[in-house]
Amino acid sequence: QVRMVESGGGLVQAGGSLRLSCAASGPTSSTYAMGWFRQAPGTDREFVASIYWYASSTYYTDSVKGRFTISRDNAKNMLYLQMNNLKPEDTAVYYCAARPYYTGSERPDEYDYWGQGTQVTVSS
């Protein structure tokens, strides 16, 4: 069983930055592909970014390319999302997720483990 715990959310003005962290625990979490998703009120959970277990391949949804950076530290079992130039439309609850495969996915239903979420609010 892999446990995921997010932190780092908060309130920030448009144009500002936040860094989300996700602590993963479990016997093989460092070899799992991981991702970040977000969900705004009344919407479906949407893909933000994913990273393969060996961290050399990363993928982003178009709306965050050039602004967000996903990274991981396998030695510490940590996943990160650096968010720069934040926009009001980035406001959502952000979730980290893991799946027991080398490659990531954009589909939430292909992830087995989820954190509880952290709120990110961007004011205009």
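Peer 1: Is there a simple way to think about unusual backbone geometry in this case?
Peer 2: Even without being glycine, Asn77 reaches a positive phi, approximately 55°. One non-glycine residue with positive phi stands out, namely Asn85, at about 50°. Its place among the elements puts Asn85 in the loop between strand 8 (78-83) and strand 9 (92-99).

Peer 1: When you look at the state of the cysteines in this model, what are you seeing that I'm missing?
Peer 2: What is meant by a disulfide is a covalent connection between two cysteines, made through their sulfur atoms. As enumerated under the stated definition, the model contains one disulfide in all. The partner cysteine of Cys22 in its disulfide is Cys96, sulfur to sulfur 2.1 Å. Its S-S torsion of approximately 60° makes the covalent link between Cys22 and Cys96 right-handed. Of the two residues, Cys22 is situated in strand 3 (residues 18-25) and Cys96 in strand 9; the sequence distance between them amounts to 74 residues. Take Cys96: its relative accessible area is 0%, and that puts it in the buried class.

Peer 1: Sorry, what's going on with the sheet that holds strand 3 here?
Peer 2: Whenever strands of a sheet pair, they do so through backbone hydrogen bonds, lying parallel or antiparallel. Strand order across the open sheet formed by four strands is 1-3-8-7, with antiparallel pairing between neighbours. The sheet is open, and its two edges are formed by strand 1 (3-7) and strand 7 (68-73), each paired on a single side. Strand-to-strand, the axes of this sheet are offset by a mean angle of 15°, without reference to chain direction.

Cut-offs and rules
Residues numbered from 1 in each chain as written. Predicted model: local features only at pLDDT ≥ 70, side-chain atom pairs only at ≥ 80, totals over all residues. Heavy atoms only, no water. Helix = DSSP H or I, 4+ residues; strand = E, 2+ residues; numbered from the N terminus. Disulfide = S-S within 2.5 Å. Buried < 20%, exposed > 50% of the residue type's maximum accessible area, 1.4 Å probe, protein only. Pairing = 2+ DSSP bridges. Axes fitted to C-alpha atoms, helices over the stretch in contact; angles between N-to-C directions.

The quantities given are spatial measurements derived from coordinates; they are silent on function.
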